[in-house]
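Report on the structure
Spelled out, the chains give:
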Amino acid sequence: MTETPNSENEPSEIGLHFQLDDDLYEALVEALEGERAMALALYEESITDEGDEKPSLEARVLFDLDLHLENNLLLVLYGTSVFPDLDSDPLHGWQQTGKILQTLIAEGLWLDEIAATAEDELVLILSRNHKPQLYMIVSGWSIEEWERLPGEQ
């Protein structure tokens with residue numbers, strides 16, 4: 001994967017981004033909407049951690065994660081907060097959030113919609129039967145292709 005996008009924003013060529021503009025939005029919608037989530041890797045640390053001031057695993061609310069989609073695209077997400085609905089606080093705790101995400105993915109979860117916050121941050125709406133299950137607000141992201149799911153040889 002290249003680190004900078006080409007002018008056509010091909011999904012496998014989208015580099016690291018922090019804001020969602022109209023061109024990226026259209027490329028992401030075309031490449032990702034409607035794809036099933038196949039696997040997830042949730043990291044104990046986040047790129048948003050500052051020096052020695054990182055939160056405990058139990059207090060963590062910003063996560064870095066890899067979301068593997070059925071079309072062999074990998075969403076690498078940085079500084080991601082995860083909400084069960086629009087009116088709740090974000091999920092917290094590395095272990096608790098990981099269990100919730102893994103359970104929902106195992107039961108069937110699709111990237112149903114791509115949206116943006118007022119600050120042009122990426123929002124991923126993950127659903128089952130077109131009923132939102134999770135909202136992810138993403139500070140930074142890139143897209144890569146995957147060959148194997150986590151845990152596969």
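Every chain begins its residue count from 1, and numbering advances along the sequence as written. Confidence filtering applies because this is a predicted model: local features only for residues at pLDDT of at least 70, side-chain atom pairs given and counted only at 80 or more, and all residues used for totals across whole chains, interfaces and linings. Water and hydrogen atoms were dropped before computing side-chain values, which therefore reflect all heavy atoms in the structure.

**Points about the sheet that holds strand E1 (residues 35-42)**
Strand pairing in a sheet relies on backbone hydrogen bonds, with the paired strands running either antiparallel or parallel. In space, the six strands of this closed barrel follow the order E1-E2-E3-E6-E5-E4, with antiparallel pairing throughout. Within the sheet, the average angular offset between the axes of one strand and its neighbour, ignoring direction, is 50 degrees. Note on definitions: a residue-residue contact is assigned when non-hydrogen atoms from the two residues lie within 4.5 Å. Axis geometry follows a simple rule: fit a line to the C-alpha atoms, using only the stretch in contact for helices, then measure angles between N-to-C directions, giving values from 0 to 180 degrees. In this text, helices come from DSSP runs of H or I with a minimum length of four residues, and strands from runs of E with a minimum of two, each type numbered from the N-terminal end. In the packing of helix H1 (residues 22-32) onto the sheet, contacts are made with E1, strand E2 (63-69), strand E3 (73-83), strand E4 (110-116), strand E5 (122-128) and strand E6 (131-145), and the angle to E4 comes to roughly 175 degrees. When DSSP finds two or more bridges between a pair of strands, those strands are recorded as paired.

**Section: the side chain of Thr-80**
Looking at where Thr-80 falls in the secondary structure, it is placed in strand E3. Residue Thr-80 is classed as buried on the basis of its relative accessible area, which comes to 0%. Beyond its immediate stretch of four places on either side in the chain, Thr-80 contacts Val-61, Leu-62, Phe-63, Leu-65, Met-136, Ile-137 and Val-138. Burial classes: relative accessible area under 20% of the type maximum marks a residue as buried, over 50% as exposed, and values in between as partly exposed (1.4 Å probe, protein chains only).

Note that all results are geometric; they support no functional claim without further evidence.
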